[in-house]
Amino acid sequence: MEKIAVGCDEAAYNLKVEIIKYLNEKGIECDDFGAAAGEVILYPDVAFKVADAVAEGKYKRAILFCGTGLGMCICANKVPGVRAAVCHDPFSAERARMSNNAQILCLGERVIGVELAKKIVDVWLEAEFSEKSRSQPKVQRIIELEQEHLRK
């Protein structure tokens, strides 16, 4: 698997560290755009850096962490070409990939524990979007509407 971009603010530093360690044990490398230990950082700055890198094609997938996952998700979705999803259960993680072709997974350290986060990450990494799925026209429509909005 290709490298994954990760990022966090100080509210989710511990979960980020645990997930990076978990991914590394599975042979998956991570590039860390997030806060260092004890560093206070604004989540929009991290989210936009990671989402920009995904939109530019530097990474196929990324994981963002904050207290709830919501702030990171809102910011990442502001970057054209990016689809980010907050997932706090395995089913949502699977559907985020298979139905929405989400490239960025957002997790909240204050919402879920480490073991559940590992399961969610596993499901999200294993799930793939199919260009032949019933969801493909919906994702394509998202892309079209996004482009129309950008032209305004």
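None of the values given here were measured: they were computed from a predicted structure. (Residues numbered from 1 in each chain as written. Predicted model: local features only at pLDDT ≥ 70, side-chain atom pairs only at ≥ 80, totals over all residues. Heavy atoms only, no water.)

A.B. asks: Which residues make up the pattern of salt bridges, and what are the values?
C.D. replies: Tallied over the entire structure, the rule returns twelve salt bridges. The partner of glutamate 18 in a salt bridge is lysine 21, with the nearest N and O atoms 3.6 Å apart. Of this pair, glutamate 18 and lysine 21 both sit in helix H1 (residues 13–25), separated by three residues, roughly a single helical turn. On the accessibility criterion, glutamate 18 (26% relative accessible area) is partly exposed. Taking relative accessible area as the criterion, lysine 21 reaches 43% and is therefore assigned partly exposed. In this structure, aspartate 122 engages lysine 26 in a salt bridge whose closest nitrogen and oxygen atoms are separated by 3.1 Å. A residue pair is termed long-range when its members are at least 10 positions apart, and aspartate 122 in helix H5 (residues 114–126) and lysine 26 in the loop between H1 and strand E2 (30–32) qualify at 96 residues. For aspartate 122, a relative accessible area of 14% gives the class buried. (Salt bridge = Lys/Arg side-chain N within 4 Å of Asp/Glu carboxyl O. Helix = DSSP H or I, 4+ residues; strand = E, 2+ residues; numbered from the N terminus. Buried < 20%, exposed > 50% of the residue type's maximum accessible area, 1.4 Å probe, protein only.)

A.B. asks: Give me the lowdown on the sheet that holds strand E3 (residues 62–66), citing residues and values where you can.
C.D. replies: Judged by pairing direction, the sheet is parallel, and its five strands sit side by side in the order E2-E1-E3-E5-E4 without closing on themselves. Only two strands of the sheet have a single neighbouring strand rather than two, namely E2 and strand E4 (84–86). Direction aside, neighbouring strands of the sheet carry axes that sit 25° apart on average. (Pairing = 2+ DSSP bridges. Axes fitted to C-alpha atoms, helices over the stretch in contact; angles between N-to-C directions.)

A.B. asks: With reference to specific residues and values, describe the pairing of strand E1 (residues 4–8).
C.D. replies: Extensive coverage of E1 is indicated by the burial of five of its five residues. Of the two faces of E1, the one lined by Ile4, Val6 and Cys8 and the one lined by Ala5 and Gly7 are each fully buried. In this view, the connection linking E1 to its parallel neighbour E2 by way of H1 has right-handed handedness. As paired strands, E1 and E3 are joined by four bridges and run parallel to one another. Its bridge partner being in E3, glycine 7 is matched across the sheet by leucine 64. (Right-handed = clockwise from strand over helix to strand, strands pointing away.)

A.B. asks: Which residues make up the environment of phenylalanine 129, and what are the values?
C.D. replies: Within the secondary structure, phenylalanine 129 sits in the loop between H5 and helix H6 (136–151). In the structure, phenylalanine 129 is positioned 111 residues away from glutamate 18 in sequence and 27 Å away in space, judged by C-alpha atoms. Beyond its immediate chain neighbours, meaning those up to four positions away, phenylalanine 129 contacts Arg97, Met98, Ser99, Asn101, Ser135, Gln136 and Val139. (Contact = heavy atoms within 4.5 Å.)

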